[in-house]
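Residue-level structure breakdown
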Amino acid sequence: MIHDLWLVPAFPLLGAAILMISAGRLPSRAVALVGVVPVAVSAIVSAIIGIGFMAAPPSGHAFTEILWRWIAIGGFRPAVGLYLDPLSLVMMLVVTIVGFLILLYSTEFMAGDEGYSRFFAYMNLFVSAMLVLLLASNLLFLYVGWEGVGLCSYLLIGFWYQDAANGLAARKAFIVTRIGDTGLMIGLFVLFTHLGTLDIQPLLHRAASVWPHGSAIASLATALLLIGALGKSAQIPLQTWLPDAMAGPTPVSALIHAATMVTAGVYLIARMHGLYMLAPAIQMTVAAIGAATLFVAAFAALNQHDIKRILAYSTVSQIGYMFLALGVGAWTAAIFHFMAHAFFKALLFLAAGAITMRLEHHEHDIFRMGGLAKKLPVAFWSFLIGSASLAALPLVTAGFYSKEMILSETWAHGGAVPILWAAGLVTAFVTALYIFRAVFIVFFGEAKTPIVGRYGIRIVLPLAVLSVLAVIGGFVETPNGLGGVTIFSRFMGSVFGPAPLAAGATETALLVFASLVSLSGVGLAWLLYMRPAPRFAAWTQTPSVVAWRAFFLSGWGFDVVYDRLVVRPFLYVVRINRHDAIDDVYTGIAEASRGLHRLLKLTQTGRIRWYAGWLAAGSILTIAVAVIR
Amino acid sequence: MTTIPLDHVLILPVLLFALGVIGVLVRRNLVFILMSIEIMLNAAGLMFIIAGARWGQPDGQVMFLLVLTLAAAEVSVGLALIIRIRHRLTTLDSDAADLLQG
Amino acid sequence: MNATFYLSAAIAVLSTVLVITRANGVHALLYLVVSLLAVALVFFTLGAPFAAALEVIVYAGAIMVLFVFVVMMMNLGDAAAVREARWMEPKIWVGPSILAILLTAQLAYMLDSNTMSQPHHAIVPARAVGIAMYGPYLLCVELASMLLLAALVGAYRLAHTEHGRL
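Here is what the cut-offs are and how they apply
Residues numbered from 1 in each chain as written. Chains lettered and ligands numbered in written order. Predicted model: local features only at pLDDT ≥ 70, side-chain atom pairs only at ≥ 80, totals over all residues. Heavy atoms only, no water. Helix = DSSP H or I, 4+ residues; strand = E, 2+ residues; numbered from the N terminus. Buried < 20%, exposed > 50% of the residue type's maximum accessible area, 1.4 Å probe, protein only. Contact = heavy atoms within 4.5 Å. Areas by Shrake-Rupley, 256 points an atom, 1.4 Å probe, with all protein chains shown as cover. Buried area = accessible area lost by both parts, 1.4 Å probe. Salt bridge = Lys/Arg side-chain N within 4 Å of Asp/Glu carboxyl O. Polar contact = N/O pair within 3.5 Å; in protein donor to acceptor, adjacent residues only side chain to side chain. Nonpolar A, V, L, I, M, F, W, Y, C, P; charged D, E, K, R; others polar. Core = buried A, V, L, I, M, F, W, Y, C linked by side-chain atoms within 4.5 Å. Domains from an automatic or database assignment. UniProt positions renumbered as here; feature names shortened; annotations may be inferred. 1 Å grid on protein atoms, 1.4 Å probe; cavity = no way out; pocket = protein on both sides within 12 Å on 5 of 7 lines; lining within 4 Å. Points joined across faces, edges and corners; volume = space filled by probe spheres on them. Expected span 1.5 Å × (residues − 1). Axes fitted to C-alpha atoms, helices over the stretch in contact; angles between N-to-C directions. Parallel < 35°, antiparallel > 145°, perpendicular 65-115°, else oblique. Left-handed = near helix turned anticlockwise from the far one by under 90°.

Let us look at the overall build of chain C. When you go through chain C residue by residue, the secondary structure sums to seven helices and zero strands. Its helices and strands taken in sequence order, chain C reads α-α-α-α-α-α-α from the N to the C terminus. The 166 residues of chain C split such that 37% are buried. Long-range pairs, those at least 24 residues apart, make up 61% of the contacts in chain C with a sequence separation of at least 6. Looking at chain C as shown, the accessible area adds up to about 9,300 Å², and 73% of this sits on carbon and sulfur atoms.

Next up, the structure:
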């Protein structure tokens with residue numbers, strides 16, 4: 001079965017191809033079928049492969065299959081090959097299963113949209129590109145998936161393209177991630193010129209044997225790869241595209257945030273972790289960027305009033321946790337958090353979509369919602385479970401176990417790490433605060449917007465399955481104090497080496513402390529938004545607080561700064577160069593020849609006497625040359 | 001046979017040729033232009049004769065005969081063209097036939 | 001003989017000048033005939049009697065007659081002569097004259113600088129010309145005949161119209 005691995009990305013690609021070729025002529029039932037079944041089959045195939053892999057792991061806990069040689073130019077022979085190890089297996093399972101649930105949800109959510117067929121074509125292509133990215137055995141093939149993901153995100157964010165704002169958001173996402181992609185591409189060039197191969201496993205082995213620990217070239221290569229990862233995973237300083245990416249349909253946001261796209265950067269660093277271990281300075285940068293991002297994004301999330309933008313900033317923040325984990329070498333924790341995050345973030349987005357689709361005018365502003373707990377129980381419970389998991393409520397949520405793992409390993413990492421750990425801890429508090437702020441405002445209080453319509457099974461089922469996963473997904477890896485299950489880290493051991501030993505009593509103390517922190521965040525949210533004290537309301541209206549809230553609302557003003565520093569100077573240069581200074585040279589040549597043409601045209605008088613005169617003059621000149629010589 | 005200096009003999013075709021050039025350039029009437037061309041051709045033939053006489057060879061006269069033939073052909077075609085142009089433009093002004101200007 | 005040459009050369013140049021300055025077409029043609037006859041005399045003094053005869057017969061006879069026919073057919077009257085005179089305003093002579101003077105000066109300079117020996121003029125009889133023509137120059141004669149044929153056809157076609165009239 002494992003030799004049928006190629007089917008996993010092939011099925012969604014086939015689905016996308018069918019939908020594209022049919023060009024919207026299929027009836028919507030057929031579109032739904034062609035849109036969902038390929039990903040479902042992919043998920044089933046992945047599950048069978050996964051079970052087979054765990055029951056009887058291939059030698060070396062990795063499976064490589066070269067499908068064909070792409071091109072052969074001298075020593076450059078990039079393979080179109082697949083590589084399956086526990087890392088890519090986990091990612092693949094999450095992408096296909098979560099992707100399937102999101103697509104199933106979309107069949108009802110997107111019903112009646114005129115771009116129904118187009119939507120599923122893009123979504124299938126998206127999943128396929130992400131699977132190529134995950135399974136590629138070769139960095140060049142990985143790059144194909146990487147760019148495919150970027151393309152699909154552009155198409156889907158700008159899905160409702162009739163609205164110019166959506167097109168702008170899509171363009172922003174594409175351009176900002178493109179900055180990262182350029183870094184990644186240069187990184188690939190550096191790797192190839194120095195190591196002579198782009199096949200990931202040989203490349204990692206060669207790098208480890210050729211480059212000394214902390215060598216400059218390893219730092220350069222990893223820094224360039226990091227730029228690519230920052231762009232795709234929306235980390236500081238390239239995080240600005242993600243909140244605007246909310247312009248797309250909600251299932252798209254779910255797919256981008258949970259399964260595909262933003263986790264590509266995490267996967268890239270995890271996949272190339274051998275290189276990062278050679279460049280400790282860059283690895284430290286990864287941790288620092290992660291810590292900064294999670295902190296910044298959490299405060300931005302705290303002040304949003306669009307429900308999807310809250311979730312967008314929370315994604316940026318949670319990916320920041322993954323980067324923090326990667327930076328401190330807690331590879332397994334990063335992937336574990338990726339998995340948990342995929343479940344609860346998909347759940348949150350789908351629940352948010354379930355809320356907005358039932359509200360009149362698809363209301364997104366949380367302050368115009370309220371009192372929905374009784375009216376939309378399905379959405380309420382799923383959103384609550386997702387929020388609990390995001391806030392890392394102790395014991396019962398997947399988010400708790402993954403976040404604990406990151407925090408404890410960050411603590412165990414030592415050195416200058418208490419700052420990073422503190423950032424993670426403070427953010428855990430803010431995370432609980434902002435998500436339960438949303439919960440309390442949206443679901444309690446008095447109703448402000450009328451409710452329309454009802455849910456079908458295709459909405460409820462994905463929410464239910466994801467709710468279950470968001471709870472039990474964490475039980476594959478628990479701290480020592482809570483049963484000490486290590487299924488996940490043992491499974492990942494063949495990729496990342498043995499998990500670090502936990503510190504016993506300290507760990508338990510940290511665990512309790514962190515649990516109290518997230519609980520107190522929920523408590524504070526309850527105090528502030530369920531029992532609003534007049535003094536708090538007054539405080540939020542004081543000028544300095546209003547200014548800070550506007551600052552946080554704008555995502556710490558990154559957009560404004562980029563607008564001033566990059567966009568406007570660029571537009572200024574473009575405006576100066578509107579007539580293309582370089583082109584002027586060529587226009588000048590054309591203009592000069594045209595001028596000469598006009599000059600020569602004057603000689604064509606059509607009068608033979610003049611022609612004869614010129615002839616005579618020319619002859620005289622020729623004879624003069626002969627005479628003078 | 002004669003003792004005329006060669007320089008004096010040679011200056012005659014040069015003068016005739018130059019006069020022909022002036023005629024072509026000055027006159028606007030196509031018939032006069034054709035006449036001027038005849039003058040120039042005749043000057044060229046004269047040069048051949050002088051050269052043949054200088055070396056006492058018949059080749060110069062043969063070439064003169066060829067020039068003569070050429071002149072005859074040229075005049076017949078040229079005059080036919082003049083008749084045609086006169087018919088078309090109702091004038092013999094060469095400056096009026098400037099349809100080919102750029 | 002020398003006197004004959006100089007006299008006929010002077011007549012040739014003078015009558016040519018008159019050709020290019022006359023406003024009346026028939027007058028100019030008559031001066032051209034005079035010029036050609038003078039050149040024929042020069043040929044004779046240079047010992048080319050056959051060429052001199054051809055000059056008189058073909059040039060002054062046949063070709064000039066052709067010109068006369070055409071000029072007569074054009075019916076260029078006094079009005080045409082007046083117009084010709086108006087076209088020949090003084091300043092139009094400047095440019096061509098400069099060109100002609102330059103040309104003459106150049107050729108004269110080249111003639112002056114040559115180092116050829118003095119002439120040994122000898123009469124080249126028609127017999128020698130005929131032998132040369134139908135000997136080594138046979139191909140040229142054929143070419144000339146082709147040229148004449150082409151000119152004949154061309155002239156006929158050009159002067160002919162679809163309606164049989166001009």
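Let's shift gears to the interface of chain A and chain C. When the parts of a complex come together, some accessible area is lost, and that lost area is often used as the size of the interface. Tallying the contact residues gives eight residues for chain A and seven residues for chain C. A per-residue breakdown of the area chain A buries against chain C is headed by Ile620(A), Ile623(A) and Val627(A), which together make up 73% of the total. Scanning the region where chain A abuts chain C turns up zero salt bridges. Remark: the boundary between chain A and chain C carries one residue pair in polar contact (both at pLDDT 80 or more). Its residues assigned to classes, the side of chain A that touches chain C comprises six nonpolar, one polar and one charged.

Ranked by internal contacts, the top residues of the largest apolar core, which has 209 residues, are Leu84(A), Leu191(A), Trp241(A), Met272(A), Leu275(A), Ile355(A) and Phe383(A). Once residues within four sequence positions are removed from consideration, Trp241(A) is found in contact with Ile157(A), Lys172(A), Ala173(A), Val176(A), Thr177(A), Gly231(A), Lys232(A), Ala234(A), Ile256(A), Met261(A) and Val262(A). Leu65(B), Ala12(C), Leu54(C) and Met74(C) belong to the second-largest nonpolar core, a separate cluster that totals 80 residues.

Here we come to the interface of chain B and chain C. Listed per partner, the contact involves 71 residues of chain B and 84 residues of chain C. Around 7,200 Å² of area is buried between chain B and chain C when both sides are counted, 78% of it from carbon and sulfur atoms. The interface formed by chain B and chain C contains zero salt bridges. Summed over the shared surface of chain B and chain C, the result is eight residue pairs in polar contact (both at pLDDT 80 or more).

Okay, the environment of Leu139(C) next. The residue Leu139(C) is located in helix H7 (residues 138-159) in this model. A relative accessible area of 65% places Leu139(C) in the exposed class.

Turning to unusual backbone geometry, a few remarks are in order. With the exception of glycine, the majority of residues adopt a negative phi angle, and the majority of peptide bonds are in the trans configuration. Residue and element names in this part refer to chain A. A cis amide bond, omega 10 degrees, links Ile-236 with the succeeding residue Pro-237. Phi is positive for Ala-234, close to 55 degrees, though the residue is something other than glycine. Mapped onto the elements of the fold, Ala-234 is located in the loop between helix H8 (216-233) and helix H9 (241-244). The class of Ala-234 is buried, set by a relative accessible area of 0%. Positive phi, close to 60 degrees, is recorded for Ala-392, a residue that is not glycine. Relative to the helices and strands, Ala-392 resides in the loop between helix H17 (377-390) and helix H18 (398-413). A residue is classified by how much of its surface remains accessible, and Ala-392, at 4% relative accessible area, is buried.

Attention shifts here to the domain arrangement of chain C. Domain annotation of chain C identifies domain 1 (1-89) and domain 2 (134-166). The gap between the C-alpha centroids of domain 1 of chain C and domain 2 of chain C is 24 Å.

Next up on the list: helix H10 (residues 250-259) of chain A. All names here are of chain A. Counted residue by residue, H10 has ten buried out of ten residues, so it is predominantly covered. Looking at H10, one finds that the buried residues are Thr-250, Pro-251, Val-252, Ser-253, Ala-254, Leu-255, Ile-256, His-257, Ala-258 and Ala-259. Of the residues trailing H10, Met-261 is marked for its positive phi of about 60 degrees.

Moving on to the side chain of Ser253(A). All names here are of chain A. For Ser-253, the position within the fold is in helix H10. A relative accessible area of 1% means that Ser-253 is categorised as buried. Setting aside residues up to four positions removed in sequence, Ser-253 forms contacts with Ala-245, Met-246, Gly-248, Ala-258, Lys-308 and Phe-349.

Before going further, it helps to spend a moment on the UniProt feature "transmembrane region" (unreviewed entry) in chain B. Residues and elements named next belong to chain B. Mapped onto this numbering, the UniProt entry annotates "transmembrane region" (unreviewed entry) at residues 6-26, 33-56 and 62-83. The distance from the first to the last C-alpha atom of residues 6-26 is 31 Å, and the span holds 100% helix and 0% strand. As annotated, residues 33-56 comprises 96% helix and 0% strand, and the C-alpha atoms at either end are separated by 34 Å.

For the rest of this paragraph, the subject is the layout of surface pockets. All names here are of chain A. The calculated volume of the largest pocket comes to roughly 760 Å³. Lining the largest pocket are 29 residues, and of these Arg-437, Tyr-529, Phe-536, Thr-540 and Arg-549 sit closest to its centre. Where the lining of the largest pocket is concerned, the elements lending two or more residues are helix H19 (417-443), helix H22 (505-530), helix H23 (534-541) and helix H24 (543-553). Per-class residue counts for the lining of the largest pocket are 19 nonpolar, six polar and four charged.

All right, on to helix H15 (residues 331-358) of chain A then. Spanning 28 residues, H15(A) covers 40 Å between terminal C-alpha atoms, matching the ideal 40 Å at 1.5 Å per step. Taken across its 28 residues, H15(A) has 28 buried, putting it largely inside the fold.

Right, let's get into the environment of Ala155(C). Structurally, Ala155(C) can be placed in helix H7. If we skip the residues at most four places from it in the chain, Ala155(C) touches Ser76(B), Val77(B) and Ala80(B).

The residue Thr104(C) is located in helix H5 (residues 94-113) in this model. Excluding residues that lie within four positions of it along the chain, Thr104(C) makes contacts with Val14(B), Leu15(B) and Ala18(B).

Residue and element names in this part refer to chain A. For the coordinates displayed, the defined rule picks out eleven salt bridges over all chains. A salt bridge links Arg-271 to Asp-85; its shortest N-O distance comes to 2.8 Å. With Arg-271 in helix H11 (residues 262-271) and Asp-85 in the loop between strand S2 (79-84) and helix H3 (86-109), this residue pair connects regions lying 186 residues apart in the sequence. The burial state of Arg-271 is the same as that of Asp-85; both residues are buried. Put simply, Asp-244 and Arg-309 hold a salt bridge, and the shortest N to O gap is 3.4 Å.

A separate point is the packing of helix H1 (residues 7-22) of chain A against helix H4 (residues 116-135) of chain A. Residue and element names in this part refer to chain A. Two numbers describe how H1 lies on H4: the axes approach to 8 Å, and their chain directions differ by 155 degrees. By the angle class used here, H1 and H4 are roughly antiparallel. Of the two elements, H1 crosses H4, and the hand of that crossing is left-handed. Of the residues in H4, those in contact with Val-8, Pro-9, Pro-12, Leu-13, Gly-15, Ala-16, Leu-19, Met-20 and Ser-22 of H1 are Ser-117, Phe-120, Ala-121, Asn-124, Leu-125, Val-127, Ser-128, Leu-131, Val-132 and Leu-135. Grouping the constituent residues of the contact of H1 with H4 by class yields 14 nonpolar, five polar and no charged.

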